[in-house]
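Analysis of the macromolecular model
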Amino acid sequence: MGTQESDERAGGGTGRRALLGAAVLGAGGAVLGLPGTARAAGTRHGGGVKSLPVPTVIGHRGASGYRPEHTFGSYELALDLGADIVEAGDLVPTKDGHLVCRHEPEIGGTTDVADHPEFADRKRTKLLDGVSTTGWFTEDFTLAELKTLRATERIPANRPHNTLYDGRWEIPTFEEVLRWQNEQTRRRGKQVWIYPELKHPTYFRKLGLGTEERLARLLRAYGKDRKNSPVIIQSFEPTSIQRMNKLVGNPLAVLLSGANSRPWDFVETGDPRTTADLVTPAGLKEIASYAQGIGPTLDLIIPKDSAGRLTEPTTLVRDAHRAGLILHPYTMRNENPFLPADFRRGSDPDAYGDAFGAFRTYLATGIDGIFTDNPDTGVLARESFVDGVNS
């Protein structure tokens, strides 16, 4: 999920952490008074997205709390830990038009490209959605060149243990992901779902590397372009989702950043609306005309005060459901810096806080699912929430 997240990087720390266990379920975090109804988890009746458990646990870039993100190691571990869907992956194109899975087109922070002297002259400074960005960009590499690189941990200060796996996996293509999805479905005896995101589609279209058509061609080639196909497509750019709505039948979701932000396609076209306009009843009704869901930042569900503590929930869950939309907000992480201040424990940025308390509070708003870097924590939190374990 995208650069729009505000909590992507936090301070360093190398304290040893332990996986949250069942005993932590009772720690802290009283559930706030919430508008809207918390719906019991279970499987909806019907095919497609209606067959998924509710609330749905979505492995954010795989199990990125434990492995370098957007690698087959991360994706497969997410399934092992119980994720209902794997976000595989954030899609960016190569110079020769292949879609690959990276958090951003700039790959200096997620690969060992800086250690390759043969690519030293590829380092560039570019304007990416209005932000000056320096590094190495996928669109300047052929697929063959990218395959010589290896993935590394993106936030080693918070996840030093993940650096153990630096260099183990290469950058996957989305076509490889589609084949992997088929293989995992056969091996596990149940349908594996994926949730790819189109990254910076306006930026790439201006470079002559339009990503929507490339994605649609791949989905059609693998017979995964239909209403009930186990592939949900998301983007922070509403016009990109509108374009996909004309190309494929897949379920679609519009990602939503902070209330005061503007989608970059709106900036480029002069559309004055902000995210705050999109989450009004009228804005949600419009989204529902071409998409089936939204992926709001968790702050749009429950805002934080100036101290980082949760306040009262907004009406977004109720309003989205009234418009017929499902909500899959992002992103829950176990480490202290990424949790609301209410649920932090101690000051070590590498230590886990009361993630279960935070999960419980967000699930109680009635959301349909949640992106998490720690799918096992999400699955346990869902089980305890459904069972009514609050203390």
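Counting starts from 1 at the beginning of each chain's written sequence and moves along it residue by residue. Owing to the predicted nature of the model, reporting of local features is limited to residues with pLDDT of at least 70; listing and counting of side-chain atom pairs is limited to 80 or more, with chain, interface and lining totals taken over all residues. For side-chain calculations, the full set of non-hydrogen atoms in the structure is used, while hydrogens and water are omitted.

**Observations concerning the overall build of the chain**
In DSSP terms, a helix is any run of H or I states spanning at least four residues, a strand is any run of E spanning at least two, and both are numbered starting from the N terminus. Across its full length, the chain carries 13 helices and 15 strands. Buried residues are those whose accessible area, probed at 1.4 Å on protein chains only, stays under 20% of the maximum for their type, while exposed residues exceed 50% and partly exposed ones sit between those limits. Expressed as a percentage of the 391 residues in the chain, the buried residues total 58%. Across the chain, the fraction of contacts at a sequence separation of at least 24, relative to all contacts at a separation of at least 6, is 70%. Per-residue accessibility takes into account occlusion by the displayed protein chains alone, with areas from the Shrake-Rupley method and a 1.4 Å probe. Here the chain has roughly 15,100 Å² of accessible surface; of this, 51% comes from carbon and sulfur atoms. What makes two residues a contact is simply this: any of their non-hydrogen atoms within 4.5 Å.

**With respect to the pattern of salt bridges**
Salt bridges, as used here, are contacts in which a Lys or Arg side-chain nitrogen is within 4 Å of a carboxyl oxygen on Asp or Glu. Considering all chains together, one arrives at 27 salt bridges under this definition. For Lys-147, the salt bridge goes to Glu-170, with nearest N and O atoms at 2.8 Å. Here Lys-147, found in the loop between helix 2 (143-146) and helix 3 (174-188), pairs with Glu-170, found in the loop between helix 2 and helix 3; they are 23 residues apart in sequence, far enough to count as distant. Judged by relative accessible area, Lys-147 falls into the buried class, the value being 18%. Owing to a relative accessible area of 32%, Glu-170 belongs among the partly exposed residues under this scheme. A salt bridge links Asp-342 to Arg-309; the shortest N-O distance between them is 4.0 Å. Pair noted here: Asp-342 is in the loop between strand 14 (326-327) and helix 12 (355-363) and Arg-309 is in the loop between helix 10 (298-301) and helix 11 (316-322), with a separation of 33 residues, a long-range link. In the salt-bridge network here, residues are joined through shared partners; they are Arg-61, Glu-69, Asp-90, Glu-104, Arg-154 and Lys-199.

**Considering the environment of Ser-51**
Locating Ser-51 in the fold gives a position in the loop between strand 1 (42-43) and strand 2 (53-54). Taking the C-alpha atoms as reference, Ser-51 lies 9.4 Å from Asn-228; in sequence the two are 177 residues apart. Looking at Ser-51, its side chain comes within polar contact range of the main-chain oxygen of Gly-48, at 2.6 Å. Under this definition, polar contacts are N or O atom pairs within 3.5 Å; protein pairs additionally need one hydrogen-donor-capable and one acceptor-capable atom, and for neighbouring residues in sequence, both atoms have to be side-chain atoms.

**Things to note about the packing of aromatic side chains**
Any two of the Phe, Tyr and Trp rings considered here, Trp counted by its six-membered ring, make a pair once their centres fall within 6.5 Å; the pair's planes then place it as stacked at under 30 degrees, edge-to-face at over 60, or tilted in between. By the definition in use, this model includes eight aromatic pairs. Ring geometry for Tyr-165 versus Trp-169: centroids 6.2 Å apart, planes at 25 degrees, classification stacked. Here the aromatic residues Phe-72, Tyr-75 and Trp-180 are joined through ring pairs into a cluster of three or more. Charge-over-ring placement is defined geometrically: NZ (Lys) or CZ (Arg) within 6 Å of the ring centre, and within 35 degrees of the ring normal. Arg-168 extends its terminal NZ or CZ atom over the ring of Trp-169, reaching a point 5.8 Å from the ring centre.

**Side note on the nonpolar core**
In globular proteins that are soluble, nonpolar side chains generally tend to be buried together. We define the nonpolar core as a collection of buried residues of types Ala, Val, Leu, Ile, Met, Phe, Trp, Tyr and Cys that are connected through side-chain atoms lying within 4.5 Å of one another. With 64 residues, the main nonpolar core has Phe-174, Leu-215, Ile-233, Ile-294, Met-332 and Tyr-362 as its most contacted residues. If we ignore the near neighbours within four places in the chain, the residues touching Ile-233 are Pro-196, Leu-198, Leu-215, Leu-219, Ile-241, Met-244, Val-248, Asn-250, Pro-251, Leu-252 and Ala-253. Counting 16 residues, the second largest nonpolar core, distinct from the first, contains Ile-107, Leu-149, Tyr-203 and Phe-204.

**Observations regarding the pairing of strand 3 (residues 56-59)**
Along strand 3, one buried face is formed by Thr-56 and Ile-58 and the opposite face, lined by Val-57 and Gly-59, is buried too. At least two bridges found by DSSP between two strands is the condition for calling them paired. Examined bridge by bridge, strand 3 and strand 15 (residues 369-372) share four bridges and lie parallel to one another. Within strand 15, the position partnered with Thr-56 by the bridge is Gly-369. One ladder, built from two bridges, connects strand 3 with strand 4 (residues 85-86); its direction is parallel. The partner of Ile-58 across the bridge, within strand 4, is Ile-85. Clockwise travel from the first strand over the helix to the second, with the strands pointing away from the viewer, marks a crossover as right-handed. For the crossover that starts at strand 3, traverses helix 1 (residues 72-80) and ends in the parallel strand 4, the hand is right-handed.

**Re the sheet that holds strand 15**
Strand order across the open sheet formed by four strands is 9-4-3-15, with parallel pairing between neighbours. Looking at which strands have only one partner, the edges of the open sheet turn out to be strand 9 (193-194) and strand 15.

**Comments concerning the confidence of the model for the chain**
The quantity called pLDDT is the predictor's confidence in a given residue, expressed from 0 to 100. Looking at the chain as a whole, the pLDDT averages 90, with 87% of positions reaching at least 70. Long-range and interchain partners of residues 3-40, a stretch whose pLDDT sits below 50, account for 106 contacts in this model, where long-range means more than four residues apart.

**Overview of helix 3**
Between its first and last C-alpha atoms helix 3 spans 20 Å; for 15 residues at 1.5 Å apiece the expected length is 21 Å, and the two agree. Taken together, the buried positions of helix 3 are Phe-174, Glu-176, Val-177, Leu-178, Trp-180, Gln-181, Gln-184 and Thr-185. Against the buried residues of helix 3 lie helix 1, strand 4, strand 5 (90-93), strand 6 (99-101), strand 9 and helix 5 (211-221). At the C-terminal side of helix 3, Gly-189 shows a positive phi close to 75 degrees. To estimate the expected span of a helix, count its residues, drop one, and scale the result by 1.5 Å.

**Overview of the side chain of Thr-133**
Mapped onto the elements of the fold, Thr-133 is located in strand 8 (residues 131-135). Polar side-chain contacts of Thr-133 include one of 3.1 Å to the backbone oxygen of Val-131. Contact partners of Thr-133, with chain neighbours within four places excluded, come to Glu-106, Arg-124, Thr-125, Lys-126 and Leu-128.

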